[in-house]
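Read off the chains here:
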Amino acid sequence: MNAPATSNKANGAVQQLHTDAYDWTNQCVKCGYCLPACPTYESMGMESASPRGRINLVKLAAEGKIDFQKDLSGPIELCLGCRACETACPVGVPYGHILEAAKEAIAPYTPKKMKKFKKLALVHLFPYPERMTLLGNGVMLYQKSGLSKLVRSSNLLKKISPALAHLEQALPPIESSSKRFKPGTVIPAKGETRLRAAFFTGCIMDSMMSRINRLTIELLTLVGCEVVLPANQSCCGALHSHQGEAMQAKALAKRNIQAFMQIDADVIVNNAGGCGASLQEYEQLLADDREWAGAAMEFSKKSQDISQILHHLGPLPFTEEYRGIVTFQDSCHLRNVQKVQKEPRLLLQSIPGIIYVEMEGYDRCCGSGGIYNLLHFEESMKILDGKMNDLKKTMATTIVTVNPGCQMQMNIGIQKDGSANHIKSMHLVEVLAKACGLK
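In this text the structure is predicted, and so the values were computed from the model without any measurement.

Definitions and limits used
Residues numbered from 1 in each chain as written. Predicted model: local features only at pLDDT ≥ 70, side-chain atom pairs only at ≥ 80, totals over all residues. Heavy atoms only, no water. Patch = residues over 30% accessible without salt bridge, like charges linked within 9 Å, V, L, I, M, F, W, Y side chains within 5 Å. Areas by Shrake-Rupley, 256 points an atom, 1.4 Å probe, with all protein chains shown as cover. Salt bridge = Lys/Arg side-chain N within 4 Å of Asp/Glu carboxyl O. Lys, Arg positive; Asp, Glu negative; His and termini not counted. Charge placed at Lys NZ, Arg CZ, Asp CG, Glu CD. Helix = DSSP H or I, 4+ residues; strand = E, 2+ residues; numbered from the N terminus. Buried < 20%, exposed > 50% of the residue type's maximum accessible area, 1.4 Å probe, protein only. Contact = heavy atoms within 4.5 Å. Axes fitted to C-alpha atoms, helices over the stretch in contact; angles between N-to-C directions. Parallel < 35°, antiparallel > 145°, perpendicular 65-115°, else oblique. Left-handed = near helix turned anticlockwise from the far one by under 90°. Nonpolar A, V, L, I, M, F, W, Y, C, P; charged D, E, K, R; others polar. Pairing = 2+ DSSP bridges. Right-handed = clockwise from strand over helix to strand, strands pointing away. Phe/Tyr/Trp six-rings, centres within 6.5 Å; stacked < 30°, edge-to-face > 60°. Core = buried A, V, L, I, M, F, W, Y, C linked by side-chain atoms within 4.5 Å. Disulfide = S-S within 2.5 Å.

## Details of a positive patch on the surface
- Together, Lys112, Lys113, Lys115 and Lys116 give the surface a local cluster of positive charge.
- Tracing the backbone shows Lys115 in helix 7 (residues 112-123).

## Overview of the side chain of Ser50
- Tracing the sequence through the fold places Ser50 in the loop between helix 2 (39-44) and helix 3 (51-62).
- Ser50 gets classed as buried once you look at its relative accessible area, which sits at 0%.
- Those residues within four positions of Ser50 in sequence are excluded, and the remaining contacts are Leu35, Cys38 and Tyr41.

## Brief notes about helix 25 (residues 428-435)
- Burial of helix 25 is extensive: seven of the eight residues sit out of reach of the surface.
- Every buried residue belonging to helix 25 is among Leu428, Val429, Glu430, Val431, Leu432, Ala433 and Ala435, and all of these are buried.
- Immediately downstream of helix 25, the backbone of Gly437 shows phi near 80°, a positive value.

## Thoughts on the packing of helix 21 (residues 342-349) against helix 25
- Where helix 21 contacts helix 25, the axes come no closer than 10 Å and their chain directions differ by 25°. The angle between the axes of helix 21 and helix 25 places the two elements in the roughly parallel class. Considering only the axes of helix 21 and helix 25, their crossing is left-handed. Facing helix 21, whose interface residues are Pro344, Leu347 and Leu348, helix 25 presents Leu428, Val431 and Leu432.
- Counted by class, the contact of helix 21 with helix 25 contains six nonpolar, no polar and no charged residues.

## Thoughts on the pairing of strand 8 (residues 398-401)
- Residue alternation in strand 8 divides its side chains into two sets, Thr398 and Val400 and Ile399 and Thr401, and both sets are buried.
- Pairing analysis gives three bridges linking strand 6 (residues 325-328) to strand 8, with the strands arranged parallel. In the strand pairing of strand 8, Val326 is matched with Thr398.
- The pairing of strand 8 with strand 9 (residues 424-427) spans four bridges and is parallel. Residue pairing in the sheet places Thr398 in a bridge with Lys424 of strand 9.
- In this fold, the crossover linking strand 8 to strand 9 by way of helix 24 (residues 404-417) has right-handed handedness.

## Describing the packing of aromatic side chains
- This structure, assessed with the given rule, holds four aromatic pairs.
- Aromatic pair Phe200 and Phe260: ring centres 6.1 Å apart, planes at 40°, arrangement tilted. In this pair, Phe200 sits in the loop between strand 2 (195-199) and helix 12 (204-208) while Phe260 sits in helix 15 (residues 246-261), placing the two residues 60 residues apart along the sequence. A single burial state applies to Phe200 and to Phe260, both of which are buried.
- Here the aromatic cluster, defined as three or more aromatic residues joined through ring pairs, consists of Phe200, Phe260, Tyr282 and Phe299.

## Things to note about the sheet that holds strand 9
- Strands sit in the order 7-6-8-9 across an open sheet of four strands; the sheet is parallel. A strand with exactly one partner marks an edge of an open sheet, and here the two such strands are strand 7 (355-356) and strand 9.
- As defined by bridge partners, strand 6 adjoins strand 7 across two bridges and the pair is classed as parallel. Directly across from Ile325, in strand 7, lies its bridge partner Ile355.
- Together, strand 6, strand 7 and strand 8 form the strand contacts of helix 21, whose direction differs from that of strand 6 by roughly 170°.

## Topic: the nonpolar core
- If you look at the biggest cluster of nonpolar residues, it comprises 84 residues, and the most contacted ones within it are Cys225, Leu310 and Leu348.
- Tallying contributions element by element places helix 25 first for this core, with six residues.
- Not counting chain neighbours up to four residues away, the residues in contact with Cys225 comprise Ile187, Pro188, Ala189, Leu195, Ala197, Leu220, Ile309 and Leu313.
- Among the nonpolar cores identified, the runner-up in size contains 30 residues, and Val58, Ala61, Ile66 and Phe68 belong to it.

## Considering the sheet that holds strand 2
- Strand order in this open sheet of five strands is 1-3-2-4-5, and the pairing throughout is mixed. The outermost strands of the open sheet, each flanked by one partner alone, are strand 1 (186-187) and strand 5 (303-305).
- The strands touched by helix 13 (residues 210-222) are strand 1, strand 2, strand 3 (225-228) and strand 4 (267-270); relative to strand 3, the strand with the most contacts, the crossing angle is about 145°.

## Structural notes on the state of the cysteines
- Tallying each qualifying case throughout the model produces zero disulfides.
- For Cys275, which is in no disulfide, the shortest distance to another cysteine sulfur is to Cys236 and amounts to 3.9 Å.

## Describing helix 16 (residues 273-280)
- The buried fraction of helix 16 amounts to seven of the eight residues, a majority that puts the element mostly inside the structure.
- Considered for burial, the residues of helix 16 that qualify are Gly273, Gly274, Cys275, Gly276, Ala277, Ser278 and Leu279.
- Where helix 16 is buried, its residues meet helix 14 (238-242), strand 4, helix 17 (282-285), helix 18 (293-302), strand 5 and helix 20 (332-336).

As structure tokens, then:
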């Protein structure tokens with residue numbers, strides 16, 4: 001195959017991609033074990049929509065044999081980044097790292113409108129907790145004022161963007177900021193202190209789902225954790241990595257490491273599968289930075305999901321029975337990156353009165369993929385429709401998730417399916433808190 005004519009920019013991208021990912025692409029033996037695990041391959045049925053196909057395209061791009069914009073950009077952008085292929089791969093190909101290198105390589109070819117959207121969200125919004133708080137407060141007023149009902153009845157958002165309209169309806173009621181624990185606060189354990197836990201609040205969780213953060217902290221204190229909320233923490237950088245903004249991701253990682261390592265904590269706790277995966281991969285993200293590599297390694301080793309801590313320090317002091325059939329939807333990044341699978345299920349099964357049913361395809365991505373459901377709405381909905389079919393087979397009245405994107409995606413599915421009267425989507429923390437009598 002003849003290499004296409006390339007500009008200086010393209011030559012630089014080829015060289016960088018070759019440096020960042022080429023050796024990893026050569027680890028793929030093209031066995032096809034990844035194909036049944038890939039949600040986009042299942043929904044689109046094309047080799048270029050599979051992990052094996054994408055790896056081959058990255059390899060060809062790194063060799064300068066295909067065009068970044070015409071041949072590589074589309075297949076890479078349509079990847080959810082769920083990393084189920086890594087779990088299925090018999091030779092341990094680090095697909096997530098290949099994907100992020102490819103995302104960085106195609107970033108200069110992003111359409112102008114999309115660049116503006118990404119710059120607004122990734123540069124000017126998510127890294128600033130005070131701006132995210134203002135956004136959350138604005139949405140709370142929007143919900144409580146009745147304006148949301150007016151907007152929904154007018155179908156205004158649907159005319160602008162069906163994806164945005166569904167997302168607006170999927171947002172949970174936002175709790176008043178007066179109920180939030182403030183940055184820098186230390187919350188004592190209930191009874192004997194068994195662990196000192198530094199809590200990662202996140203950007204979306206802290207602004208749009210602050211009630212879950214508050215309940216997380218209260219559950220931690222019930223099992224003997226003194227909880228510290230480090231000041232100056234920021235967005236984890238996951239969305240930045242997923243969108244090819246590696247420099248921004250590294251800057252946010254350094255900011256969080258600095259904020260948390262000043263706290264003498266036994267463990268760093270988070271309650272969002274995607275955030276937790278990003279935190280645990282700071283070690284790889286900063287491995288080549290001599291100044292930060294050691295601190296990043298220590299930070300990543302301390303990072304744990306809330307389910308791991310509650311299971312380890314449990315049992316929880318349940319006071320109420322939970323009525324109904326419950327099923328669980330794995331967070332892709334909790335399962336495939338953090339390798340946490342059993343703890344959420346064991347916690348749910350320990351609740352008095354609960355009827356737990358495992359869902360077929362529980363380990364399959366729901367199609368949320370960070371902001372994938374905004375950028376690629378139709379593709380996301382095809383995957384979600386399959387998930388809803390699996391959910392209905394369980395007869396569950398509650399589907400439990402451990403990631404904000406998953407929870408909102410399942411809310412979208414429930415609304416689209418007309419199941420809102422008898423199925424609800426809840427975070428694991430909400431279910432556990434309810435059974436412990438917390439509100």
